[in-house]
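The primary structure of each chain is shown beneath.
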Amino acid sequence: MALRLPRIGTSQIVALGLILVANWIVSPQFFDIRVQDGRLFGSLIDVFNRGAPVALLSIGMVLVIAMRGIDLSVGAVMAICGAIAASLADTHSLPVVLAAALGAGLLCGLWNGLLVAVLGIQPIVATLILMVAGRGIAQLITEGRIVTFTSPDLAFLGGGSVLGLPTPVVLTLGMMALTLALVRGTALGLMIEATGGNPRASALAGIGTRFITVGVYVWSGLCAALAGIVASADILGADANNAGLWLELDAILAVVIGGTSLFGGRFSIILAVVGAFIIQAMNTGILLSGFPPETNLVVKAVVVLTVLLAQSPRLGGHFAGIGVLFKRSKSGGKRS
Amino acid sequence: MIRFLSRLTPVLATAAVFLAGFVVCSLIYPNFASLRVVMNLLTDNAFLVIVAVGMTFVIISGGIDLSVGSVIGFTTVFLALAIERWGVPPLWAFVLILVICAAFGACMGAIIQYFELPAFIVTLAGMFLARGVSFLLSTESLPITADLYAHLSDHALRFEGGARLTVPALVMLAVVIGGMVLLHLTRFGANVYALGGSRTATGLMGINVARTTVLIYILSSVLAGLAGIVFSLYTSSGYSLSAVGVELDAIAAVVIGGTLLSGGYGFIFGSFLGVMIQGLIQTYISFDGMLSSWWAKIATGLLLFAFIAFQQLTLHLARRSRRAPAGVHP
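Only a predicted model underlies this, so the values are computations on that prediction, with no experimental measurement involved. (Residues numbered from 1 in each chain as written. Chains lettered and ligands numbered in written order. Predicted model: local features only at pLDDT ≥ 70, side-chain atom pairs only at ≥ 80, totals over all residues.)

Points about the overall build of chain A
- Scanning chain A for helices and strands turns up 15 helices and six strands.
- When each of the 336 residues of chain A is scored for burial, the buried share is 54%.
- Put simply, 77% of the contacts in chain A that link residues at least 6 apart link residues at least 24 apart. (Helix = DSSP H or I, 4+ residues; strand = E, 2+ residues; numbered from the N terminus. Buried ≥ 20, exposed ≤ 12 C-beta atoms within 10 Å, placed from the backbone. Contact = placed C-beta atoms within 7 Å.)

Description of the overall build of chain B
- Per the secondary structure count, chain B includes 15 helices and four strands.
- At 21 Å, chain B has a C-alpha radius of gyration in line with the 20 Å of a compact globule built from 330 residues.
- For chain B, the spread of C-alpha atoms along the principal axes amounts to about 70 × 55 × 35 Å.
- Counting every position in chain B, which comprises 330 residues, the buried fraction comes to 50%.
- By sequence separation, contacts in chain B at least 24 residues apart represent 78% of the contacts at least 6 residues apart. (Rg over C-alpha atoms; globule rule 2.2 N^0.38 Å.)

Here's the deal with the interface of chain B and chain A
- On the side of chain A, 34 residues touch chain B, which itself brings 37 residues to the contact.
- Where the side of chain B that touches chain A is concerned, the elements lending two or more residues are helix H7 (119-137), helix H13 (246-256) and helix H15 (294-328) of chain B.
- Among the residues forming the side of chain B that touches chain A, the class breakdown is 27 nonpolar, seven polar and three charged. (Nonpolar A, V, L, I, M, F, W, Y, C, P; charged D, E, K, R; others polar.)

A few points about the confidence of the model for chain A
Residue and element names in this part refer to chain A.
- Mean pLDDT for chain A: 82, with 90% of residues reaching 70 or above.
- Note on residues 1-6: pLDDT is under 50 here. Beyond four places in sequence and across chains, it has two contacts.
- With pLDDT under 50 throughout, residues 317-336 is counted as low confidence; its partners more than four residues away or in other chains account for 38 contacts. (pLDDT = per-residue confidence, 0-100.)

A closer look at the UniProt feature "transmembrane region" (unreviewed entry) in chain B
- As recorded in UniProt, the sites labelled "transmembrane region" (unreviewed entry) are residues 12-29, 41-60, 91-112, 118-137, 165-185, 214-236, 248-274 and 294-313 of chain B.
- Span residues 12-29 of chain B is 94% helix and 0% strand, its end C-alpha atoms 25 Å apart. (UniProt positions renumbered as here; feature names shortened; annotations may be inferred.)

Description of the nonpolar core
- Counting 214 residues, the largest nonpolar core has A:Ile80, A:Cys81, B:Ile50, B:Val51 and B:Leu304 as its most contacted members.
- For this core, the element with the highest residue contribution is helix H11 (residues 209-235) of chain A, accounting for 16 residues.
- Excluding residues that lie within four positions of it along the chain, B:Ile50 makes contacts with B:Met172, B:Val175, B:Leu223, B:Leu226, B:Ala227 and B:Val230. (Core = buried A, V, L, I, M, F, W, Y, C linked by C-beta atoms within 7 Å.)

A closer look at the confidence of the model for chain B
Residue and element names in this part refer to chain B.
- Taken as a whole, chain B shows an average pLDDT of 86; of its residues, 95% reach a score of 70 or greater.
- Mean pLDDT across the secondary structure elements of chain B bottoms out at helix H1 (residues 2-7), with 64, and peaks at helix H4 (residues 46-60), with 94.
- pLDDT under 50 marks residues 325-330. Its contacts with residues more than four places away, or in other chains, come to zero contacts.

Considering the packing of helix H3 (residues 35-44) of chain B against helix H14 (residues 268-288) of chain B
Residue and element names in this part refer to chain B.
- Interhelical geometry of H3 versus H14 gives an angle of 115° and a closest axis separation of 10 Å. Crossing of H3 over H14 shows right-handed handedness. Of the residues in H14, those in contact with Val37, Leu41 and Asp44 of H3 are Met276, Gly279, Leu280 and Thr283. (Axes fitted to C-alpha atoms, helices over the stretch in contact; angles between N-to-C directions. Left-handed = near helix turned anticlockwise from the far one by under 90°.)

Considering helix H13 (residues 269-288) of chain A
- Across its 20 residues, H13(A) extends 29 Å between first and last C-alpha, which sits within 8% of the 28 Å expected from 1.5 Å per residue.
- A large share of H13(A) lies buried, amounting to 16 of its 20 residues. (Expected span 1.5 Å × (residues − 1).)

And the structure:
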């Protein structure tokens with residue numbers, strides 16, 4: 001029960017590998033990586049670079065979903081924080097810009113968390129409020145324009161590189177490591193799983209479920225803020241209308257592909273990130289193969305349905321491989 | 001009588017907000033309080049009301065349907081292609097698309113019911129699928145030039161002062177009345193409420209839960225298809241990117257209309273008023289001319305919050321008043 005990562009992650013990692021190989025078949029240069037100006041370039045690197053925002057979102061989302069919640073507002077929070085970062089970038093120093101953007105993400109998360117934990121509103125409704133209003137707030141910040149900036153400091157976060165890896169990838173890995181240390185290095189992860197499995201029993205067992213709930217939404221807000229900063233830095237500007245649009249759905253999809261049950265309970269941060277890269281690898285593959293990009297949504301729908309059916313309480317265990325994974329996750333996260 | 005009125009409190013609150021908003025707008029803009037503005041309000045929001053009626057059934061039953069916006073987009077593209085390219089007579093195209101939508105809803109309902117999956121994620125897949133298929137059909141905006149369309153958009157009940165009650169508005173009013181009858185006066189409607197209260201108890205009462213669930217999603221998808229027809233009448237075109245995000249507007253309208261998102265409680269008429277309040281905000285912004293469109297989103301978000309907080313408060317009070325007598329008579 002306690003140790004499971006290497007065993008249950010196989011199907012996702014195999015899936016990612018298969019998709020990458022499929023990409024290589026349609027585009028033989030897929031695995032070609034060249035070094036230019038001390039940075040790695042190539043389609044494979046691009047998959048990870050483009051997948052970084054969704055991967056960042058999925059790190060926060062997986063914790064929220066493990067608590068039986070859902071955070072629909074992450075796309076809008078991305079837009080808000082990206083707008084703040086872009087409009088401050090040319091007049092303030094990088095620490096101020098980052099503090100302002102991350103602070104905004106923290107406040108958004110705090111708002112969601114308070115609505116869910118204190119007012120007792122269902123997560124899907126509570127975060128819907130910010131999802132609807134958030135994009136309006138982002139447009140208010142940019143005054144409806146596409147704000148651009150030239151600051152090289154902020155641009156580094158989107159287009160620069162650390163040790164040859166693109167900065168977004170490094171940030172994603174850093175955030176993942178930090179979250180893992182916080183959640184798995186302490187009893188926090190166990191408490192999150194317990195609360196997601198049975199909130200009432202956990203509260204009776206002395207877990208501060210209310211505090212943890214708020215904390216998890218705050219973390220999701222922070223992850224969304226970071227994703228927003230990266231997305232803004234990447235395009236050297238902020239587009240309040242389109243930044244992070246529908247990415248909340250991709251993040252939820254990544255978490256579901258990563259094997260975390262929507263009924264709460266057991267979760268895996270690493271597999272959620274792998275799920276995000278699976279989605280991006282599929283997107284890239286469809287582009288490379290010359291199919292119209294419009295097929296993307298249909299493929300995504302088929303993937304969601306397949307994963308869902310494997311996760312279904314009715315079918316659990318009938319699929320070899322994925323089935324085993326979901327049967328296991330079911331025992332920890334069945335609806336009470 | 002008092003109990004009956006207190007049951008209606010959320011709808012009365014929504015109605016009061018709508019009336020107050022309308023009065024404020026009329027005081028600021030003297031031209032606002034005209035039949036023409038009201039009629040335009042009905043026409044411009046007709047498709048959203050139709051979707052919201054279907055969404056009300058789904059939400060009262062304890063589910064959610066995220067696919068409706070995509071279904072509208074798919075419907076408009078399908079109609080444009082069927083009528084203009086494949087030469088299907090418009091009325092047959094209408095029948096065909098409603099049948100397709102019914103099948104689509106039946107599939108989603110069946111998956112939710114038989115695989116015991118959350119409605120949220122199943123309809124999310126439906127949303128991807130419907131939008132993706134409409135992208136595959138065509139990514140251009142296709143004009144619809146059929147005679148029937150010109151005839152229908154010309155046809156309207158005319159009032160003095162240039163006010164017109166158009167065909168979309170008439171269809172919408174018929175759907176609202178039909179929805180009210182179906183939800184409040186039939187056995188199916190009672191089953192929908194029961195499902196939202198408790199699925200297990202509903203099953204134990206001998207109600208066919210599976211059949212009701214599938215029917216609810218069929219209803220929602222068919223109404224989304226009908227909304228798509230109305231939308232294509234309204235714009236005389238089909239476009240795969242039309243009605244993006246409409247599912248959120250519809251959910252917001254249903255919540256503002258006093259329906260509980262946890263299910264078991266709600267009114268069609270409230271959802272109608274919820275859409276009208278959103279329309280009122282839009283109209284106010286277009287009258288003002290200085291305010292930007294994003295204020296509409298922020299105002300809708302604030303309204304959502306106010307109504308949800310109000311719901312939580314009434315629920316809390318109801319629970320307390322229910323608990324009190326139990327303590328008095330142990």
